[in-house]
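# Summary of the model geometry
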Amino acid sequence: MIRRYCLALALGALTCSAAQAATPVYGYRVVHVYPHDTSAYTEGLFYKDGYLYEGTGEAGESTVRKVELQTGKVVQRHDVPDAYFGEGIIDWKQQLIQLTWKNQMGFVYDLASFKQLRTFNYPGEGWALTRDSRHIYMSDGSPVLRVLDPDTLAATGSIMVTDNGEPVANLNELEWVKGEIYANVWMTNRIARIDPATGHVTGWIDLSGLLDVSRLPDPYNDVLNGIAYDEQHDRLFVTGKRWPKLFEITLVKPGTP
């Protein structure tokens, strides 16, 4: 009886240990480095048809931009009215959607011309957007991602993001990558890989050392923020607020030298 009891305890301990196993942490390798406009306070980023689309922040300086990947040249630009602090962006059909930080209002533009088509409202703050083929996902700085109807932009659900049962706060810029949501965690060098079905963080990407932000004019604010994915060519891009560079990276599995 004692042996069976001890065995049960041991198996229980193993089960608990497995359940609480550390979330895997991925490293990175830099594949290519591209120029990035140091005036761009990056809040939103996505890749489409050979170009980067970038939403930038700061009141009086917020923009929506179409950018050449190879050169970093801004080929098209819309200036957001000074009263608004621009945040995340995403495309849906032939439109481009942009959040603002504290105004509880977003903008919808024609994707080709950047002409404003309409506005929409939401409660609380707006941080970032991404999408799959059916839904738009929105962050607001909390551990909860909102699920939006892409046509009406009304909230239809939510995803609580947790890592080993603990909520993950400060979820910022988002990107849909191979069925997962990648999320910058504000003020850190990490990107969370999130299972949208459960909200569980399935892995972390540690981008420490990618850029020495201490050399930037405002290192406290000019942090990692900006993820874009080229699905056709399987390319992952990352950058930061007012960074001079945008990096194409590939992930390195845990334990890989």
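Now for a look at the structure at hand. Fair warning: this is a prediction, and the values are worked out from it, not measured in the lab.

### Comments concerning the sheet that holds strand β22 (residues 245–252)
If you walk across this open sheet you meet the 8 strands as β16-β17-β18-β19-β1-β22-β21-β20, and the pairing is mixed. What marks the edges here is a single partner per strand, and that holds for β16 (171–177) and β20 (224–230). Taking the axes of each pair of neighbouring strands and ignoring which way they run, one obtains an average angle of 30° across the sheet. Inspection of the sheet shows strand β1 (residues 25–35) paired to β22 by 8 bridges, in the antiparallel sense. When the sheet's bridge partners are listed, glycine 27 is paired in β22 with valine 252.

### Details of unusual backbone geometry
If a residue is not glycine, its phi is most likely negative; likewise, a peptide bond is most likely trans. Located in the positive-phi region is asparagine 170, a residue other than glycine, with phi close to 65°. In this fold, asparagine 170 is placed in the loop between β15 (166–167) and β16. For asparagine 170, a relative accessible area of 29% gives the class partly exposed.

### Section: the nonpolar core
Proteins that are soluble and globular tend to have nonpolar side chains buried together. In this structure, Tyr53, Leu96, Ile97, Phe120, Leu129 and Ile136 are the most contacted members of the largest nonpolar core, which totals 24 residues. For this core, the secondary-structure elements that each account for two or more residues are β6 (86–92), β7 (95–100), β8 (105–110) and β11 (136–139). At 4 residues, β8 tops the list of elements feeding residues into this core. Apart from the residues within four sequence positions on either side, isoleucine 97 is in contact with Gly88, Ile89, Ile90, Trp92, Phe107, Val108, Phe120, Leu129, Ile136 and Leu153. Residues Val177, Ile205, Phe247 and Ile249 belong to the second largest nonpolar core, which totals 17 residues.

### Observations concerning the pattern of salt bridges
Tallied over the full model, the rule gives 14 salt bridges. The partner of glutamate 43 in a salt bridge is lysine 241, with the nearest N and O atoms 2.9 Å apart. Taken as a pair, glutamate 43 in strand β2 (residues 42–48) and lysine 241 in the loop between β21 (235–240) and β22 lie far apart in primary sequence, 198 residues in all. Residue classification places glutamate 43 among the buried residues on the basis of a relative accessible area of 2%. One salt-bridge network, in which partners are shared between bridges, spans Glu58, Glu61, Asp222 and Arg242.

### Section: empty space enclosed by the protein
As enumerated under the stated definition, the model contains 1 cavity of 30 Å³ or more in all. Lining the largest cavity, in full, are Pro35, His36, Leu45, Leu52, Glu54, Val67, Gly72 and Leu246. Residues of the lining of the largest cavity, tallied by class, amount to 5 nonpolar, 2 polar and 1 charged.

### So, the packing of aromatic side chains
In total, this model carries 12 aromatic pairs according to the counting rule given. A centroid spacing of 6.4 Å and a plane angle of 80° characterise the contact between tyrosine 41 and phenylalanine 85, whose relative ring orientation is edge-to-face. In this pair, tyrosine 41 is assigned in the loop between β1 and β2 and phenylalanine 85 in the loop between β5 (74–79) and β6, connecting sequence segments 44 residues apart. According to the relative accessible area criterion, tyrosine 41 is buried, its value standing at 8%.

Reading guide: rules and limits
Residues numbered from 1 in each chain as written. Predicted model: local features only at pLDDT ≥ 70, side-chain atom pairs only at ≥ 80, totals over all residues. Heavy atoms only, no water. Pairing = 2+ DSSP bridges. Helix = DSSP H or I, 4+ residues; strand = E, 2+ residues; numbered from the N terminus. Axes fitted to C-alpha atoms, helices over the stretch in contact; angles between N-to-C directions. Buried < 20%, exposed > 50% of the residue type's maximum accessible area, 1.4 Å probe, protein only. Core = buried A, V, L, I, M, F, W, Y, C linked by side-chain atoms within 4.5 Å. Contact = heavy atoms within 4.5 Å. Salt bridge = Lys/Arg side-chain N within 4 Å of Asp/Glu carboxyl O. 1 Å grid on protein atoms, 1.4 Å probe; cavity = no way out; pocket = protein on both sides within 12 Å on 5 of 7 lines; lining within 4 Å. Points joined across faces, edges and corners; volume = space filled by probe spheres on them. Nonpolar A, V, L, I, M, F, W, Y, C, P; charged D, E, K, R; others polar. Phe/Tyr/Trp six-rings, centres within 6.5 Å; stacked < 30°, edge-to-face > 60°.

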